[in-house]
Amino acid sequence: MKLTEFPAPDFDLTMTLDSGQVFHWEKVDNGFVGVIGDRAFCVEQRGEMLRALLEGGAPATPGTRHANGAGSQELAPPVMQLVTDYFALDHPLAEICASFPDDPVMNAARDFCRGLRIIRQPKWECLATFICSSMKQVAHIRQISAALRKRFGDPRKIDNHVIHTFPPAERIARASETELRECALGYRAKNLRATAQLVSSGECNLEGWSALPNGDLRKNLCELPGVGAKIANCVMLFAYERLRAFPIDVWMERVLKQQYFRRARKLSASRLRGFSETYFGEHGGYAQQYLFHHARATSRKSGVSRNSSVHRAL
DNA sequence: ATACAGGCTCGCC
DNA sequence: GGCGAGCCTGTA
């Protein structure tokens with residue numbers, strides 16, 4: 001066990017993990033347990049300090065990606081760096097927030113979501129999880145993620161908890177559709193499996209796509225089975241650090257229509273998209289995440305059903 | 001109970 | 001290129 005503690009200013013761990021961008025972190029006593037890559041962590045925040053407890057047992061063993069040539073083995077990156085990268089503690093949050101448009105809706109979301117960061121997720125894990133997310137509520141996405149991990153991933157022990165790594169594409173690719181359906185994937189099983197096969201065969205090189213401009217990256221993602229514009233934008237934002245990508249789901253559609261197009265009688269999807277791509281600026285993805293989380297969190301807290309809140313707004 | 005979820009895809013117009 | 005229906009399954 002290795003404990004590291006360091007300052008993480010302008011960061012809200014709970015809000016970040018609860019904002020619908022990542023689905024596997026589990027709340028424990030004072031923090032959360034989860035995996036970053038293939039290593040288990042327990043992370044907890046006290047004020048501006050972040051404490052990270054790394055799994056005990058065999059650490060990143062030789063032969064993994066940190067191994068460096070024949071004899072010399074490079075040290076795994078220090079815990080602080082791993083955590084900093086994952087939670088994107090290096091994002092200039094003040095600048096990002098300052099780039100948002102100055103309007104009442106955006107300002108309220110910005111104040112509410114102070115410290116919320118868009119994290120850097122592993123590409124395959126993010127893609128696979130969002131393929132499973134279509135027409136699903138957050139609670140259910142978490143269940144699916146857990147089921148896939150438990151069945152096909154590797155167990156890790158951390159602080160008296162057992163969690164599982166996310167299975168690599170190769171593992172999902174050789175699972176049967178039936179096995180995947182047993183993880184409650186429903187019709188998504190076929191898509192997840194087909195995409196896993198494209199990725200594991202090397203036909204689609206997710207890492208290599210990092211070099212592509214936004215348009216090409218989105219196009220490639222949308223050619224994967226089960227990936228449309230919404231999921232492609234999620235993956236671009238949460239795994240490729242394309243901070244301008246603006247996923248529009250039913251929540252965002254509601255927010256945009258009610259807050260920015262209240263008087264428009266009919267509104268095409270493409271007009272909504274055009275607006276969201278320009279109005280929110282170079283960090284539109286961050287703006288989207290803030291609007292999204294604010295809308296969801298306030299709706300949950302007020303206990304008002306979405307339908308009735310819609311009716312009230314009209 | 002039963003409508004409906006943080007969509008994608010296809011067939012139709 | 002827009003619109004509607006079907007797809008699985010758990011939750012409210």
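Residues numbered from 1 in each chain as written. Chains lettered and ligands numbered in written order. Predicted model: local features only at pLDDT ≥ 70, side-chain atom pairs only at ≥ 80, totals over all residues. Heavy atoms only, no water.

Q: I keep staring at the pairing of strand 6 (residues 155-158) and nothing clicks. Help me out?
A: The two faces of a sheet get side chains in turn, since along a regular strand they alternate between them. Only one face of strand 6 is covered, namely the one carrying R156 and I158; the face carrying P155 and K157 has none of its residues buried. Of the strand pairs in this sheet, strand 6 and strand 7 (residues 161-164) are connected by four bridges, and their pairing is antiparallel. Paired with I158 across the two strands is H161, which belongs to strand 7. From the end of strand 6 to the start of strand 7, which pair antiparallel, there are two residues, and D159 there has a positive phi angle of about 50°. (Buried < 20%, exposed > 50% of the residue type's maximum accessible area, 1.4 Å probe, protein only. Helix = DSSP H or I, 4+ residues; strand = E, 2+ residues; numbered from the N terminus. Pairing = 2+ DSSP bridges.)

Q: I'm lost on the protein's contact with DNA strand B in this one. Help?
A: If you check the shell around DNA strand B, you find 21 residues, and the closest are G20, M135, Q137, Y187 and G228. For DNA strand B, the fraction of atoms within 4 Å of the protein that belong to sugar or phosphate moieties is 53%. Residue G20 places a main-chain N or O atom 2.6 Å away from a base nitrogen belonging to DNA strand B. Contact between DNA strand B and G228: a phosphate oxygen at 2.8 Å from a main-chain N or O atom of the residue. Tallying contributions element by element places helix 11 (residues 229-239) first for the surface near DNA strand B, with three residues. Grouping the constituent residues of the surface near DNA strand B by class yields 12 nonpolar, five polar and four charged. (Near = heavy atom within 4 Å. Polar contact = N/O pair within 3.5 Å; in protein donor to acceptor, adjacent residues only side chain to side chain. Nonpolar A, V, L, I, M, F, W, Y, C, P; charged D, E, K, R; others polar.)

Q: Explain the nonpolar core to me, please; I cannot follow it from the model alone.
A: A general tendency of soluble globular proteins is for nonpolar side chains to be buried together. With 69 residues, the main nonpolar core has W124, L148 and Y290 as its most contacted residues. Sorting elements by how many residues they give to this core places helix 11 first, with eight residues. Other than its neighbours up to four places away in sequence, Y290 contacts L93, C97, F100, M106, A109, R110, C113, G115 and L116. Core analysis: the second largest hydrophobic core is formed by 21 residues, V79, L82, Y86 and F87 among them. (Core = buried A, V, L, I, M, F, W, Y, C linked by side-chain atoms within 4.5 Å. Contact = heavy atoms within 4.5 Å.)

Q: What should I look at first to understand the domain arrangement of chain A in this one?
A: When the parts of a complex come together, some accessible area is lost, and that lost area is often used as the size of the interface. One can read the domain layout of chain A as domain 1 (95-113 + 242-300) and domain 2 (123-238). Just the C-alpha atoms count here: the centres of domain 1 and domain 2 sit 26 Å apart. Facing 11 residues of domain 1, the contacting portion of domain 2 comprises 14 residues. A per-residue breakdown of the area domain 1 buries against domain 2 is headed by R242, A245 and P247, which together make up 62% of the total. Counting across the interface, domain 1 meets domain 2 through zero salt bridges. A per-class count over the side of domain 1 that touches domain 2 returns five nonpolar, three polar and three charged. (Domains from an automatic or database assignment. Buried area = accessible area lost by both parts, 1.4 Å probe. Salt bridge = Lys/Arg side-chain N within 4 Å of Asp/Glu carboxyl O.)

Q: Would you mind showing me how to read the side chain of H293 here?
A: Within the fold, H293 resides in helix 14 (residues 284-302). The contact partners of H293, leaving out residues within four places of it in the chain, are M15, D18, S19, F112, C113, L116 and R300.

Q: Would you take a moment to explain the pairing of strand 5 (residues 49-54) for this structure?
A: Here strand 5 lies mainly inside the structure; five of its six residues are buried. Here strand 1 (residues 2-7) pairs with strand 5 via six bridges, running antiparallel. Along strand 5, the bridge assignment pairs F6 with L50. Pairing geometry for strand 4 (residues 39-46) and strand 5, over six bridges, is antiparallel. When the bridges of strand 5 are listed, F41 appears paired with L54. Here strand 4 folds back onto strand 5, and the loop between the two strands holds two residues, one of which, G47, carries a positive phi near 60°.

Q: Looking at this structure, I do not really get the sheet that holds strand 3 (residues 32-36). What am I missing?
A: Note: strands within a sheet are paired through backbone hydrogen bonds, in either parallel or antiparallel orientation. Read across the sheet, five strands follow the order 1-5-4-3-2 without closing on themselves; strand pairing throughout is antiparallel. Strand pairing shows two members of the sheet lacking a second neighbour, strand 1 and strand 2 (26-27), which therefore form its edges.

Q: How do you make sense of helix 5 (residues 123-131) when you look at a structure like this?
A: Given 3.6 residues per helical turn, the α-helix brings residues three or four places apart onto the same face. Across the nine residues that make up helix 5, a large majority, nine, are buried. When we look at burial in helix 5, the residues that qualify are K123, W124, E125, C126, L127, A128, T129, F130 and I131.

Q: Would you mind showing me how to read the packing of helix 5 against helix 11 here?
A: For any two helices packed against each other, the geometry comes down to the angle between their axes and how far apart the axes lie. For the pair helix 5 and helix 11, the least separation of the axes is 9 Å and the interaxial angle reads 150°. Classified by the interaxial angle, the pair formed by helix 5 and helix 11 is roughly antiparallel. Note on packing geometry: the crossing formed by helix 5 with helix 11 is right-handed. Residues K123, C126, L127, F130 and I131 of helix 5 form the contact with helix 11, whose participating residues are K230, I231, C234, V235, F238 and A239. (Axes fitted to C-alpha atoms, helices over the stretch in contact; angles between N-to-C directions. Parallel < 35°, antiparallel > 145°, perpendicular 65-115°, else oblique. Left-handed = near helix turned anticlockwise from the far one by under 90°.)

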